[in-house]
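Residue-level structure breakdown
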Amino acid sequence: MVGGVEYQSADVKALEADAFANPGMLWVAQGERLWNQAAASGPACASCHGDAAKSMKGVAASYPKFDATLGRVVNLEGRIDACVRTNQKGSGLVPESPERLGLSAYVAYQSRGMPIVVTIDGPAKPTFDRGAALHKLRIGQMNLACTHCHDGHAGKTLLNETVSQGQPDGWPAYRLEWQSLASLQRRLRACFYGVRAEQPPFDSDDLVALELFLAHRAKGLNMSAPGVRR
Amino acid sequence: MLGRIQVPALVKKGEPFEVRVLVQHPMETGFRRDMNGRAIPMNVVDKLKVSLAGREVFSAEMGSGMSANPYLQFYAVANEAGEIVVEWSDDKGETGRATAKVVVARSPS
């Protein structure tokens with residue numbers, strides 16, 4: 001297993017490793033501010049969870065995860081969104097909004113360097129199976145599945161781009177092309193676009209299932225969010 | 001608007017030290033169009049000023065050629081301890097500010 005940053009140029013690797021210059025750290029700082037700030041209609045994240053450096057250590061590395069209250073598998077962003085809705089009585093976090101990216105980047109950052117370990121048995125099994133099947137399913141006008149590029153041809157080039165293994169370890173990551181931090185779901189949707197397939201909406205069961213499969217596939221890799229990608 | 005400024009933990013009196021500034025900003029060029037085809041107005045951080053203990057040490061006027069979330073790096077010299085302050089404003093008139101403490105090492109004598 002090879003992490004996503006290993007396929008990047010030396011410049012991008014250096015940018016990711018530099019805790020100040022890494023632009024993703026701007027979102028982490030923003031998330032830290034939101035964490036400690038009381039919501040309009042409820043308590044701050046910190047009121048219940050305390051110091052994120054302690055309470056959120058390693059948490060992101062275990063997501064996506066089955067949530068008994070919600071009755072389905074959720075990814076980290078979905079879990080934060082659910083917490084905002086139920087405990088802060090808010091209206092939820094819009095996908096790719098600065099608030100959602102900030103909080104998820106801040107929580108994911110607390111797991112930096114920790115191994116990705118997800119549960120795929122029990123109630124998470126159907127979702128995992130769905131993700132594993134999607135990974136092998138040919139889609140779009142290109143008639144390609146994830147596995148064709150990211151298992152079969154990782155390390156080779158696609159025009160001037162090196163195909164990675166499609167690992168989720170650095171996400172949410174700052175993508176230079178988008179000049180913004182982006183969630184793993186946005187990246188996956190871009191891949192759907194790339195093979196000219198219909199893009200599943202944010203937070204759809206398909207994307208969460210794929211995320212769970214990818215997290216299981218990344219066994220042995222350590223979290224490195226916020227990463228930097230080209 | 002969010003920004004960060006970084007200086008070494010300890011600087012030597014009279015010797016140049018590295019200052020790094022990172023500002024979170026979309027830096028809209030004015031050439032892009034939104035989903036409905038309407039032009040997105042230009043909005044970049046046009047003025048940025050860094051002062052050390054009240055004295056201006058660096059300033060920049062940036063245009064649409066700068067990337068989003070601009071990163072700047074330069075060298076400054078401090079003779080005494082003080083606060084280093086970066087202040088910026090964009091085309092919309094929004095301003096931002098970030099500070100850091102500069103601590104000057106006592107000379108070895």
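Residues numbered from 1 in each chain as written. Chains lettered and ligands numbered in written order. Predicted model: local features only at pLDDT ≥ 70, side-chain atom pairs only at ≥ 80, totals over all residues.

1. Looking at the packing of helix H5 (residues 76-86) of chain A against helix H6 (residues 98-109) of chain A
Residues and elements named next belong to chain A. Relative orientation of the contacting elements H5 and H6 amounts to 115 degrees, with a least axis distance of 10 Å. Judged on the interaxial angle alone, H6 and H5 are roughly perpendicular. Handedness of the H5/H6 crossing: right-handed. Between H5 and H6, the contacting residues are Leu 76, Glu 77, Ile 80 and Asp 81 on the first element and Arg 100, Leu 103, Ser 104, Val 107 and Ala 108 on the second. For the contact of H5 with H6, a count of residues per class yields five nonpolar, one polar and three charged. (Axes fitted to C-alpha atoms, helices over the stretch in contact; angles between N-to-C directions. Helix = DSSP H or I, 4+ residues; strand = E, 2+ residues; numbered from the N terminus. Parallel < 35°, antiparallel > 145°, perpendicular 65-115°, else oblique. Left-handed = near helix turned anticlockwise from the far one by under 90°. Contact = placed C-beta atoms within 7 Å. Nonpolar A, V, L, I, M, F, W, Y, C, P; charged D, E, K, R; others polar.)

2. Some points on the interface of chain B and chain A
Taken together, the contact pairs ten residues of chain B with seven residues of chain A. Among the secondary structure elements, those contributing two or more residues to the side of chain B that touches chain A are strand S1 (3-6) and strand S3 (16-23) of chain B. A breakdown of the residues in the side of chain B that touches chain A according to their chemical character gives four nonpolar, four polar and two charged.

3. Focus on the environment of Gln 30 of chain A
Tracing the backbone shows Gln 30 of chain A in helix H2 (residues 24-36). Measuring from C-alpha to C-alpha, the distance between Gln 30 of chain A and Val 94 of chain A comes to 16 Å, with 64 residues separating the pair along the chain. The residues contacting Gln 30 of chain A, other than those within four sequence positions of it, are Pro 98 and Gly 102 of chain A together with Leu 2 of chain B.

4. Description of the domain arrangement of chain A
Residues and elements named next belong to chain A. Considered domain by domain, chain A is made up of domain 1 (4-18 + 116-229) and domain 2 (24-109). Between the C-alpha centres of domain 1 and domain 2 the distance comes to 21 Å. In this assembly, 26 residues from domain 1 lie in contact with 22 residues from domain 2. Broken down by secondary-structure element, the contributors of at least two residues to the side of domain 1 that touches domain 2 are strand S5 (173-175), strand S6 (180-182), helix H10 (205-217) and strand S7 (227-229). In terms of residue count, H10 provides more of the side of domain 1 that touches domain 2 than any other element does, four residues in total. Residues belonging to the side of domain 1 that touches domain 2 are distributed by class as follows: 18 nonpolar, five polar and three charged. (Domains from an automatic or database assignment.)

5. What about the sheet that holds strand S6 (residues 71-77) of chain B?
Residues and elements named next belong to chain B. Spatially, S1-S3-S6 is the arrangement adopted by the three strands of the open sheet, whose pairing is antiparallel. Only two strands of the sheet have a single partner each, and these edge strands are S1 and S6. Neighbour to neighbour, the strand axes of the sheet diverge by 20 degrees on average, direction disregarded. With four bridges connecting them, S1 and S3 associate as antiparallel partners. Counterpart to Ile 5 in the pairing with S3 is Val 21. (Pairing = 2+ DSSP bridges.)

6. Description of unusual backbone geometry
Following Tyr 63 of chain A, the chain continues to Pro 64 of chain A via a peptide bond in cis, the omega torsion being 0 degrees. Residue Pro 172 of chain A follows Trp 171 of chain A across a cis peptide bond; omega there is 0 degrees. Among the structural elements, Pro 172 of chain A can be located in the loop between strand S4 (161-162) and S5. Phi angles above zero are rare outside glycine, and Asp 203 of chain A is one such case at about 65 degrees. Relative to the helices and strands, Asp 203 of chain A is located in the loop between helix H9 (184-194) and H10. Note on Asp 203 of chain A: 14 C-beta atoms within 10 Å, which makes it partly exposed. Non-glycine residue Ala 53 of chain B carries a positive phi angle of around 50 degrees. Position of Ala 53 of chain B relative to the elements: it lies in the loop between strand S4 (45-52) and strand S5 (55-61). (Buried ≥ 20, exposed ≤ 12 C-beta atoms within 10 Å, placed from the backbone.)

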